[in-house]
Amino acid sequence: MDTQAVLDEFRAAGALLEGHFILSSGLRSPVFLQKAKVFADAARTGKLCAALADKVRAELDVSPDIIVSPAVGGIVPGYEMGRQMGLPAIYVEREEGAFRLRRGFELSPGQKVLVVEDIVTTGLSSRECIDSIRETGAEVLAEACLIDRSGGKADVGVPLIALATVEFPAYAADDLPPELAAQPAVKPGSRGLAQ
């Protein structure tokens, strides 16, 4: 599945939005990927994650033991990637502002982890998630995501395997182009929901 096919799936789900959006990273963009609309369709999510699982298998020399995703956005693709790859899938949640394993989830030293995320913009959430996993002594092999919207520029600290790589414009709040500044900003993301 190539980048255009992935974007077509988002478009078909009504999940490729245009306007003035405040991204989870704090950056502003005229494009927002409302992945919740994609994840509402189990067949579409399964199709995308099956393609991503194939890509992960092709790119990794070592098989992961477990999948870990950051809550909230990574839970659905993490679970589906676990199903596609026959692996357990758990997630980290924010507790006092930092990602932590909760709900009885555990990782063992040396356990090989594949981090699964939905959309990567700057890689901040990914790096925070990966740091929390490393604190357990587990080894993060790579991160997989449906869309890397940084155009391949995001550094997550491990290899990033993206089903689609695109570069949508993103701007600092104090450096907006006039046409974006003229529109009211909307913050549809999930960061900050579970603090």
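Each residue is numbered by its place in its chain's sequence as written, counting from 1. Side-chain atom pairs in this predicted model are given and counted only at pLDDT of 80 or more, local residue features only at pLDDT of at least 70, and totals for whole chains, interfaces and linings cover all residues. Side-chain measures here rest on the full set of heavy atoms in the structure, leaving out hydrogens and waters.

Concerning the pairing of strand β6 (residues 112-120)
Along any regular strand, the residues point their side chains to alternate faces of the sheet. Summary of the burial criterion: residues with accessible area below 20% of their type's maximum are buried, those above 50% are exposed, and those between are partly exposed, where the area comes from a 1.4 Å probe applied to protein chains only. For the purposes of this entry, the term helix denotes a DSSP run of H or I that reaches at least four residues, the term strand denotes a run of E that reaches at least two, and both are numbered from the N terminus. Here β6 lies mainly inside the structure; eight of its nine residues are buried. Where strand β3 (residues 66-70) lies against β6, three bridges are found, and the strand directions are parallel. Considered in β6, the bridge of Val-68 is made with Val-115. For two strands to count as paired, DSSP must find a minimum of two bridges between them. Of the pairings in the sheet, the one linking β6 to strand β7 (residues 139-148) comprises eight bridges and is parallel in character. Within β7, the residue paired with Val-120 across the bridge is Asp-148. Seen with its strands pointing away from the viewer, a crossover is right-handed when the path leading from the first strand over the helix to the second is clockwise. As for the winding sense of the linkage, the β-α-β connection from β6 through helix α5 (residues 124-134) to β7 is right-handed.

Here we look at helix α1 (residues 3-12)
Among the residues making up α1, those that are buried are Val-6, Leu-7, Glu-9 and Phe-10. The arc that holds every buried residue of α1, seen down its axis, measures 150 degrees, which confines them to one face. Just downstream of α1 lies Gly-14, where phi reads positive at about 70 degrees. Working definition: the arc comes from the directions between the helix axis and the C-beta atoms, pointing outward to the latter.

Here's the deal with the sheet that holds strand β8 (residues 160-165)
The six strands are arranged β5-β4-β3-β6-β7-β8 in an open sheet whose pairing can be described as mixed. What marks the edges here is a single partner per strand, and that holds for β5 (98-101) and β8. Across this sheet, the average inter-strand angle for adjacent strands is 25 degrees, counted without regard to direction. In what follows, a contact means two residues having at least one pair of non-hydrogen atoms within 4.5 Å. In this analysis, axes come from line fits to C-alpha atoms, helices being fitted only over the stretch in contact, and the angle between any two N-to-C directions falls in the range 0 to 180 degrees. Relative to β8, helix α3 (residues 42-59) is tilted by about 140 degrees, and along the sheet it contacts β6, β7 and β8.

Points about the confidence of the model for the protein
When pLDDT is averaged along the protein, the result is 92; 96% of the residues meet or exceed 70. Confidence of the predictor at the level of single residues is captured by pLDDT, which takes values from 0 to 100. In the model, residues 191-195 has pLDDT below 50 throughout and makes nine contacts with residues more than four positions away in sequence or in other chains.

Description of the pattern of salt bridges
Salt bridges are defined as contacts in which a side-chain nitrogen from Lys or Arg sits within 4 Å of a carboxyl oxygen from Asp or Glu. Tallied over the entire structure, the rule returns 14 salt bridges. For the salt bridge of Asp-54 with Arg-57, the shortest nitrogen-to-oxygen distance reads 3.1 Å. On the criterion of helical spacing, the pair formed by Asp-54 and Arg-57 is a turn pair, its members being three residues apart in helix α3. Salt-bridge contacts for Glu-139 lead to Lys-112; the nearest nitrogen and oxygen are separated by 3.5 Å. A residue pair is termed long-range when its members are at least 10 positions apart, and Glu-139 in strand β7 and Lys-112 in strand β6 qualify at 27 residues. With relative accessibility at 25%, the residue Lys-112 sits in the partly exposed group. Taken together, the shared-partner salt bridges connect Glu-93, Glu-95, Arg-100, Arg-102 and Arg-103 into one network.

Things to note about the environment of Ile-75
As for its position among the elements, Ile-75 is in helix α4 (residues 75-85). When the C-alpha positions of Ile-75 and Gln-34 are compared, they lie 15 Å apart, and in sequence the two are 41 residues distant. Residues contacting Ile-75, with those up to four places away along its chain left out, are Ser-69, Pro-70 and Tyr-91.

Points about α3
Helix span is expected to be 1.5 Å times the residue number reduced by one. Taking 1.5 Å per residue as the helical rise, α3 with its 18 residues ought to reach 26 Å, and the 25 Å between its terminal C-alpha atoms agrees with that figure. For α3, the complete set of buried residues consists of Arg-44, Thr-45, Gly-46, Leu-48, Cys-49, Ala-51, Leu-52, Ala-53 and Val-56. Contacts made by the buried residues of α3 are with α1, α2 (35-39), α4, β6, β7 and β8. Under the rule applied, a polar contact is a pair of N or O atoms within 3.5 Å (in protein, one hydrogen donor and one hydrogen acceptor; residues adjacent in sequence only if both atoms are side-chain atoms). Put simply, Asp-41 is the residue that caps the front of α3, since its side-chain oxygen is 3.0 Å from the backbone nitrogen of Ala-43.

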